[in-house]
Amino acid sequence: MSPSVKHAPWCHARHGVTIEPVTTLAQRKRQLVSTELTEAALQLLALRGFDAVTVDEIATTAGVSKRTFFRYFASKEDVVVQFLTGMGADMRAGLAARPAEERPSEALLHTVSVPLTACGDHADRALPVVRLILRTPALLARFLEHQARWREELTEELAARLGRDPGTDLYPRLAAGTALAAFDAVLHRWSEGQGAEDPGALIGEAFAVLAPALDATTAGRRSDEPTAG
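Note that the coordinates shown come from a computational prediction; the quantities given were computed from them, not determined experimentally.

Thresholds applied
- Residues numbered from 1 in each chain as written.
- Predicted model: local features only at pLDDT ≥ 70, side-chain atom pairs only at ≥ 80, totals over all residues.
- Heavy atoms only, no water.
- Helix = DSSP H or I, 4+ residues; strand = E, 2+ residues; numbered from the N terminus.
- Buried < 20%, exposed > 50% of the residue type's maximum accessible area, 1.4 Å probe, protein only.
- Contact = heavy atoms within 4.5 Å.
- Salt bridge = Lys/Arg side-chain N within 4 Å of Asp/Glu carboxyl O.
- Core = buried A, V, L, I, M, F, W, Y, C linked by side-chain atoms within 4.5 Å.
- pLDDT = per-residue confidence, 0-100.

Draft legend 1. Spatial organisation of the overall build of the protein chain. Tallying secondary structure elements over the protein chain gives 9 helices and 0 strands in all. A total of 229 residues make up the protein chain; the buried ones form 45% of that total. Across the protein chain, the fraction of contacts at a sequence separation of at least 24, relative to all contacts at a separation of at least 6, is 71%.

Written out as structure tokens, the structure reads:
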């Protein structure tokens, strides 16, 4: 299993490399190599296409050996998969950090808009990678797998915020799925253009349509309240 990758500084909620506490020179070096490999791989793959780039070329661009590459990643695909894993972790952490009294539509909008805004802020680097993922069948399949996982994680987080049972209450799953459907629609819209549109603004437009339904539902009965008879 490859180690946790320190993400490239775009399309992630923290607008920078994800830094974990390090105490030794060896740990700092490993973190640096991981970051450089991720950056080199994503940019090469986006520039030339997934099938055209070899592991040797990625390693050479990052200034490491092929053997070193395989210490961090199992394959080229694994680079992108780890990148998507980081994006999902950022989303769940973002939702968990929202104020408890915030309306669901506001919390979910923030959850999915921060990575989109980060992509827009670094469009020259992020847009080719988004296109790579959406236009490469193998990577798109993995992206959809991750979206399914993100939906489960956001469902659990939203249910906890609202005091609902995701096993018996449809709302948390529907709301999480709706937010991610908007996220996916914006990524496709943005990737089909030339980066002229602002993905952060696009997700805001989407939620202007979705918010009334998302918030009206939460005004109904809680999952643990009896149905009036």
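Moving on from the model shown.
Draft legend 2. Molecular detail of the pattern of salt bridges. Per the stated rule, a full pass over the model turns up 12 salt bridges. In this structure, Arg48 and Glu57 form a salt bridge, with 3.1 Å as the shortest nitrogen-oxygen distance. Given the relative accessible area of 27%, Glu57 is considered partly exposed. Here Asp215 makes a salt bridge to Arg103, at a shortest N to O gap of 3.9 Å. Here Asp215, found in helix H9 (residues 199–218), pairs with Arg103, found in the loop between helix H4 (76–96) and helix H5 (104–121); they are 112 residues apart in sequence, far enough to count as distant. If you follow the salt bridges from partner to partner, you end up with Glu77, Arg142 and Glu145 in one network.

Draft legend 3. A look at the environment of Leu162. Secondary-structure assignment places Leu162 in helix H7 (residues 137–162). Spatially, the C-alpha atoms of Leu162 and Arg103 are 9.9 Å apart, while their sequence positions differ by 59 residues.

Draft legend 4. Examining the nonpolar core more closely. Membership of the largest hydrophobic core comes to 56 residues, with the highest contact counts inside it found for Leu37, Val112, Phe143, Trp150, Phe183 and Phe207. Here the element with the most residues in this core is helix H8 (residues 171–192); it accounts for 10 residues. If we ignore the near neighbours within four places in the chain, the residues touching Leu37 are Ile58, Ala62, Val64, Thr68, Phe69, Tyr72 and Phe73.

Draft legend 5. Up close: the confidence of the model for the protein chain. Confidence in the prediction for the protein chain averages 84 pLDDT; 85% of positions are at 70 or higher. Of all the helices and strands in the protein chain, helix H1 (residues 25–48) carries the lowest mean pLDDT, 85, while H8 carries the highest, 95. Within the model, pLDDT remains below 50 along residues 1–7, and this stretch shows 27 contacts once partners closer than five positions in the same chain are excluded. Predicted confidence for residues 13–20 stays below pLDDT 50, and this span has 18 contacts to residues more than four positions away or in other chains.

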